[in-house]
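Secondary and tertiary structure notes
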Amino acid sequence: MTMNKLLLLSCFALFAACKVDKSTQSHLDLTGEWTFSLDTADIGEREKWFTRRLKEKVKLPGSTTTNGKGFDIDVHTPWTGGIVDSSYFTDTAYARYRKAGNIKVPFWLQPVKYYKGAAWYQKEIQIPDSAYQEGAELVIERVHWESSVWLDSVKLGTENSLSTPHRFLFKGSLKPGKHLLTIRIDNRVKTIDVGPNAHSITDHTQTNWNGMIGKMTLKPLERLRVESLQVFPDLSKKTVAVRARIVNISRPVNASLTLYATEKAGERLKDVQQTLVLTGGVNEIKIDYPMGNAVKTWDEFNPNLYTMIASLVVEGKSFGYQTDFGMREIALKGKEITLNGRPVFLRGTLESAIFPLTGYPATDVASWAKIIKTCKAYGLNHLRFHSWCPPEAAFRAADSLGMYLQIECASWANQGATIGDGKPLDDYIYRESERIVTQYGNHPSFLMMAYGNEPSGKNHVAYLRKFVETWKAKDGRRLYTTAAGWPAIAENDYNNIPEPRIQSWGEGLNSIINKQKPRSDYDWHERIAQFDIPTISHEIGQWCVYPDFKEISAYTGVMKARNLEIFRDRLRETGMDTLADQFLQASGKLQTLCYKADIEAALRTPGFAGFQLLDLHDFPGQGTALVGVLNAFWKDKGYVDGKTYRQFCNSTVPLARFPNFIYTNDQLLKVPIEIAHYGAEEKSNVSVKWQIIDEAKHVYGTGSLLINTLRIGNNQQAGAVTMNLNEIKEAKKLTLIVTLGQYANQWDFFVFPKTLPNVNSEVYVTASFDQKARELLASGGKVLYTLRKGVLKKDKGGDIALGFSSIFWNTAWTRGQAPVTLGLLCDPQHPAFQHFPTDFHSNWQWWDAITHADAMRLDRINPTLKPIVRVIDDWFTARPLGLVFEANIGKGKLIVSAIDLLTDRQNRPEARQLLYSLSAYMQSSSFAPKTTLQENEIAQLAHNNKF
């Protein structure tokens, strides 16, 4: 670019900015100090507080909580949000946390102050000049919730949008000088009930805050103004249909409207000019604007942005408006979603308005860009805003970074709220959706919209069918669905349903991951066969991890992690606080394995459109759902990073359909390999390489597979990895690594010898603590006591729901849904594992053991016990649990295994191998238990032992 051209563009940009942002000198920035008063008795409007001077001071943007206003938390705090587990209010275990001075709630993050009701905010403003002779417009970017505004003693109106700026007009001359602006904010749920758990209002996530945030501006009211500029791209015609809404509050006038688009890089496209006659009131103008032959499309790989500028000239005076947009087209092709004609697979997570420092959402682009960059670093391309709509900054960040958004209209009509039954919410959703589309509809990232989350109401299906039909007919720039969760109806553009995932709500130990042997050759094609439209799975995952107590110190704002403090106290009381980080890391590895299984199943499914995780980061409410590999601040917890996560969650992912993750060395390994490729373009002659290695990096096999054409889509077969396993003589963990260019994925699998050496008769292996076992121990013998599943007494742990997976969501909000544990913790260097390959955490080789075991309550046996294999308990109960421990009994030595190592062991290679490894350990000099128990402590473990 020449210097003259650069100078010309610079001058043009300055000219455009001046035309669009004229009279900015007269705009008043209202952020800063305001006066304030709580209205606890709700008498302010009746007593005309807008005519008196308020005394207290606050800073805006902000809330009552950020300003230290409101009340201390106590057991009577009127929370907004359902409480499924109410034991906090009655259980003696929580008694100390219900006392004044030590109030701590386990449901969610706890604000330093709480207020629900009316609050008054007031500011004396100085009108600088005569620019306000036509009146004034007040714009507050985000208000929570209902706002009423008085300028001097004139009421400007009341607004109640949860999703868009509140706007107020003062019509009539506003003289230069001092004026009093008074705003009443009410954050109570009144006639419009969006649902107490809707993330737009609930204390579960962003908190039910009272205040105003973002931009707060008073500006002159123009007699002519471009109120809205909607842009509708048409890729086939390479045009955009521009719909301008121009308000004229004076007599009819002749006007000239000029439209021009610019690329973000600065290049200006051609001008389109139209002569108009603007009548008084609202004028709707439609113009087709040609984008030229070199149009650049917008998507996740190339987020090209344009700006459309409207310049309106009337009687020599100019008025302007501008909006960003992208040239993109989202459409349906059978069960696929296409973007610009190319299939797209949505890899998403929820954003549930979780902002722990402020208790309300960020309104700056930098904060949202950080969140979106983090999501992309973990391989995601999609964000679902669960029952709320974010501020403008989120859209701008998503536009520039290429992130696809599902926006919802601020409602979760459930838990007492309903939709479609004639209540005020029915009308509100239509008005709110209209406001959302008008405010944010041009953003190319705004790809999808739903009414909200998981609706209820006897007429909700009919209502939501009409909602979808209305918006499909009205605005084709995005896809529409009834709701996240349900109902699945033919009128949807896509279904957003919970069924396709490896564990559903209520499945417990009957889920794929807990009931079926470890494998990766399944998918969801049968489950979605009933639908002819795309399916996006709703809230998959929900796999928990142990709390990271180091995180507590990060809560330096208005939200405090008192819930984590409760859980930390419980762990300390059981004497396991030194294990906290080990619990975090071990459960985190299991959590990651569960997410990998969930995501890969989705990627393997033909005709599947995508998934929405719950969640990439923690959900701090609903009983504390620690479901993220990232914490509430979007920071990793140390057990998996973005690079590793992207192996199984990315635009291109190699996939392996293992029929089993457990083998014996007389078997042939045969694993079909396929590729899910949703990259920017097709590829030709793609080489897919594979290798199998052990933990010492010894290579057991390598190979190369060829795909002639790697199209956009999944289920692209590359061939199969085959290897005869007979050269594996000892039990091993092996890893299959499949690489395609810069993309790689890997899977652990386990090979055990088909035949093992005989167990030395020095060790007596028994499923019953019988007379022989007692006599051997009394005389100095060795006993391996392996309990059968189901015989452990309830008071010893027999009532604990043990499963392979980690906890689903959390036990408090699922009413104890199984499993209630978070996997295993062990020392892989312990000599008991010399012949049984293991890491310090659960992996597929432990699935058989866990499904044939009960978890022993070590504190109910002997508090000094340190198990060889520990079970990580739910953080609510923090019980010391174990599967295997050793002890001295009399003169003898004993290992107790709550894993049944004997039943059907001919078909359980993992059980045979673990039994062999434990027996070999017991015959070695390393077998030297440190804890001594009494015979009766063992005899009382099981139902089939009577002492």
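Below you will find a few notes about this structure. Please read all numbers here as calculations on a predicted model, not as lab measurements.

This part covers the overall build of the chain. Tallying secondary structure elements over the chain gives 14 helices and 47 strands in all. What you see for the chain is a C-alpha radius of gyration of 32 Å, in line with the 30 Å of a compact globule of 947 residues. Oriented by its inertia axes, the alpha-carbon framework of the chain measures out at about 110 × 70 × 55 Å. For the chain, with 947 residues in total, the buried portion stands at 62%. Sequence separation of at least 24 residues holds for 74% of the intrachain contacts in the chain that already meet a minimum separation of 6. For the chain, the distance from the average position of its 111 positive side-chain charges to the average position of its 99 negative side-chain charges is 2 Å.

Moving on to the sheet that holds strand S6 (residues 118-127). Taking strand neighbours across the sheet as the criterion, the 6 strands line up as S3-S2-S6-S11-S8-S9 in an open arrangement whose pairing is antiparallel. This sheet does not close on itself; its edge strands, each paired only once, are strand S3 (56-60) and strand S9 (154-159). Geometrically, the sheet is characterised by an average inter-axis angle of 30° between neighbouring strands, direction not taken into account. Pairing geometry for strand S8 (residues 146-151) and S9, over 5 bridges, is antiparallel. Pairing of Leu151 across the sheet is with Val154, part of S9.

Further remarks concern unusual backbone geometry. Note the cis peptide between His144 and Trp145, where omega equals 10°. Note that Trp145 resides in the loop between strand S7 (135-144) and S8. In this structure, Trp634 is a non-glycine residue whose phi angle is positive, near 65°. Following the sequence through the fold, Trp634 ends up in the loop between strand S31 (610-614) and helix H10 (642-645). Residue class for Trp634 comes out buried when judged on its relative accessible area of 10%.

Axes are the key here: two packed helices are described by the angle between their axes and the distance separating the axes. Relative orientation of the contacting elements helix H4 (residues 424-440) and helix H5 (residues 460-474) amounts to 25°, with a least axis distance of 12 Å. Taken together, the axis directions place H4 and H5 in an arrangement best described as roughly parallel. Where H4 crosses over H5, the two elements pack in a sense that is right-handed. Two secondary-structure elements touch here, H4 through Leu425, Asp426, Ile429, Tyr430, Ser433, Glu434 and Val437 and H5 through Tyr463, Lys466, Phe467, Thr470, Trp471 and Lys474. Within the contact of H4 with H5, the residues separate by chemical class into 7 nonpolar, 2 polar and 4 charged.

Let us now look at the pairing of strand S29 (residues 535-541). Counted residue by residue, S29 has 7 buried out of 7 residues, so it is predominantly covered. With 3 bridges joining them, strand S28 (residues 495-497) and S29 adopt parallel strand pairing. By the bridge assignment, Asn496 is partnered in S29 with Ile536. Note that S29 and S31 share 4 bridges and pair parallel. Opposite Ile540, over in S31, you have Leu613 as the bridge partner.

Reading the values: rules and limits
Residues numbered from 1 in each chain as written. Predicted model: local features only at pLDDT ≥ 70, side-chain atom pairs only at ≥ 80, totals over all residues. Heavy atoms only, no water. Helix = DSSP H or I, 4+ residues; strand = E, 2+ residues; numbered from the N terminus. Rg over C-alpha atoms; globule rule 2.2 N^0.38 Å. Buried < 20%, exposed > 50% of the residue type's maximum accessible area, 1.4 Å probe, protein only. Contact = heavy atoms within 4.5 Å. Lys, Arg positive; Asp, Glu negative; His and termini not counted. Charge placed at Lys NZ, Arg CZ, Asp CG, Glu CD. Pairing = 2+ DSSP bridges. Axes fitted to C-alpha atoms, helices over the stretch in contact; angles between N-to-C directions. Parallel < 35°, antiparallel > 145°, perpendicular 65-115°, else oblique. Left-handed = near helix turned anticlockwise from the far one by under 90°. Nonpolar A, V, L, I, M, F, W, Y, C, P; charged D, E, K, R; others polar.

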